Amino acid sequence: MNPITLTFDNGPTKDVTPYVLDVLARYDIRSTFFVLGRNLMDAPSRALMQRAADEGHWIGNHTYMHDVPLGLSTDPDAPEREIGRTQALIGDAAHPDRFFRPFGGGGELGPLLLNPLAVDYLRRHRYSCVLWNSIPRDWDDPDGWVATALRQCAQEDWALTVLHDIASGAMRRLETFIQKALDAGHTFRQEFPRACVPMLRGTPVRSMRALISPS
Ligand SMILES: [Zn+2]
């Protein structure tokens with residue numbers, strides 16, 4: 001049965017990330033955590049990120065503030081402030097491929113995600129851009145997302161699913177989701193499907209045109 005790759009965005013959070021790590025450890029599943037720079041300002045939060053890395057999860061960058069999507073930003077300093085500053089906070093915990101995941105538009109893959117300056121920044125600093133093909137909107141459907149995710153995962157040859165280790169209540173259903181996915185015959189793996197990685201270590205490997213605002 002088709003594999004699922006799990007990713008967790010917008011953490012780490014002290015109330016939810018440890019629970020997510022415990023569940024993943026119980027099922028021997030490795031994932032990627034796309035962290036926010038603003039959540040790494042104190043030592044306990046950075047220790048939580050380090051715990052994830054020590055347990056075999058990969059750490060990626062998901063901007064510092066997560067407020068204005070890069071596709072809407074006209075500020076020339078935004079790439080350094082949002083991406084560079086976060087990468088510095090991730091430090092040695094970062095995956096060597098320097099994973100970066102943009103955000104915007106409620107998870108739609110469209111021109112809100114990036115602008116030309118950001119793409120140039122990612123290229124020059126040799127980031128890998130990691131997108132997704134399954135986004136069950138766990139943040140606004142804390143119970144119903146499990147059915148949505150299972151439906152999405154069944155439709156993809158290899159699902160790359162976005163979840164959030166934030167205090168929405170949704171992660172209380174993580175174990176149910178994993179168990180149902182296993183019961184349906186899915187496997188879990190850590191790598192990303194190639195179709196979801198349009199830039200690899202600074203080299204564009206697929207068209208990113210649909211993801212970039214004109215300015
Ligand atoms: Zn996000």
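This text follows the structure it describes.
Residues numbered from 1 in each chain as written. Predicted model: local features only at pLDDT ≥ 70, side-chain atom pairs only at ≥ 80, totals over all residues. Heavy atoms only, no water.

Draft legend 1. A look at the overall build of the protein. Helix and strand content of the protein: 6 helices and 9 strands. A compact globule built from 215 residues should have a C-alpha radius of gyration of about 17 Å, and the protein, at 16 Å, falls within 12% of that. Considering only contacts within the protein whose residues lie at least 6 apart along the sequence, 81% involve residues at least 24 apart. When the accessible surface of the protein is summed, it comes to about 9600 Å², and 51% of that surface belongs to carbon and sulfur atoms. Charge centroids of the protein, computed over 23 positive and 26 negative side chains, lie 4 Å from each other. (Helix = DSSP H or I, 4+ residues; strand = E, 2+ residues; numbered from the N terminus. Rg over C-alpha atoms; globule rule 2.2 N^0.38 Å. Contact = heavy atoms within 4.5 Å. Areas by Shrake-Rupley, 256 points an atom, 1.4 Å probe, with all protein chains shown as cover. Lys, Arg positive; Asp, Glu negative; His and termini not counted. Charge placed at Lys NZ, Arg CZ, Asp CG, Glu CD.)

Draft legend 2. Structural context of the coordination of the zinc ion. Summarising the metal site, the zinc ion is bound by the protein donors N10 (OD1), H62 (NE2) and H66 (NE2), whose distances to it range over 2.0 to 2.3 Å. Within one chain, the residues donating to the zinc ion are spaced in sequence as N-x51-H-x3-H. On the basis of relative accessibility, which here comes to 2%, the residue H62 falls in the buried class. (Donors = N, O, S within 2.8 Å, 3.2 Å for Na, K, Ca; no water. Buried < 20%, exposed > 50% of the residue type's maximum accessible area, 1.4 Å probe, protein only.)

Draft legend 3. Seen up close, the environment of E156. Considering the arrangement of structural elements, one finds E156 in the loop between helix 5 (145–155) and strand 6 (159–164). A residue is classified by how much of its surface remains accessible, and E156, at 26% relative accessible area, is partly exposed. A sequence separation of 95 residues divides E156 from N61, and the C-alpha atoms of the two residues are 25 Å apart. What E156 contacts, discounting residues up to four positions off in sequence, is N2 and N133.

Draft legend 4. Local environment of the packing of helix 1 (residues 17–26) against helix 6 (residues 174–183). Viewed as axis vectors pointing N to C, helix 1 and helix 6 meet at an angle of 25°, and their least axial separation amounts to 10 Å. Between helix 1 and helix 6, the crossing angle belongs to the class labelled roughly parallel. Judged by the twist between their axes, the crossing of helix 1 over helix 6 is right-handed. Taken together, the residues of helix 6 that come into contact with helix 1 (itself represented by V20, V23, L24 and R26) are L174, E175 and I178. Considering only residue class, the contact of helix 1 with helix 6 consists of 5 nonpolar, no polar and 2 charged. (Axes fitted to C-alpha atoms, helices over the stretch in contact; angles between N-to-C directions. Parallel < 35°, antiparallel > 145°, perpendicular 65-115°, else oblique. Left-handed = near helix turned anticlockwise from the far one by under 90°. Nonpolar A, V, L, I, M, F, W, Y, C, P; charged D, E, K, R; others polar.)

Draft legend 5. Highlighting the pairing of strand 2 (residues 32–35). Here strand 2 shows a buried face lined by T32 and F34 and a second buried face lined by F33 and V35. Across 3 bridges, the pairing between strand 1 (residues 3–9) and strand 2 is parallel. In the sheet register, F8 faces strand 2, and the bridge partner there is F33. You can see the chain leave strand 1, run along helix 1 and come back into strand 2, and the turn it takes is right-handed. Bridge count between strand 2 and strand 3 (residues 58–61): 4 bridges; the pairing is parallel. Each bridged residue has a counterpart across the sheet, and for F34 the counterpart in strand 3 is G60. The handedness of the strand 2 to strand 3 crossover, carried by helix 2 (residues 43–54), is right-handed. (Pairing = 2+ DSSP bridges. Right-handed = clockwise from strand over helix to strand, strands pointing away.)

Draft legend 6. Quick look at helix 3 (residues 78–90). Relative to the 18 Å expected for 13 residues at 1.5 Å per residue, helix 3 spans 18 Å between its end C-alpha atoms, a close match to the ideal helical length. The set of residues buried in helix 3 consists of A78, P79, E82, I83, G84, T86, Q87 and I90. Immediately beyond the C-terminal end of helix 3, within one or two residues, lies G91, with a positive phi of roughly 60°. (Expected span 1.5 Å × (residues − 1).)

Draft legend 7. Examining the packing of aromatic side chains more closely. One pass over the structure, following the stated rule, counts 8 aromatic pairs. With a centroid separation of 4.9 Å and 80° between ring planes, the pair formed by F99 and F192 is classed as edge-to-face. Here the residue F99 occupies a position in strand 4 (residues 99–100), and F192 occupies one in the loop between strand 7 (187–188) and strand 8 (199–200), the gap between them amounting to 93 residues. By relative accessible area, F99 is classed as buried at 5%. Note on Y121 and Y127: the rings are 6.3 Å apart at their centroids and 25° apart in plane angle, and the pair reads as stacked. Exposure remark for Y127: the relative accessible area of 1% places this residue in the buried category. (Phe/Tyr/Trp six-rings, centres within 6.5 Å; stacked < 30°, edge-to-face > 60°.)

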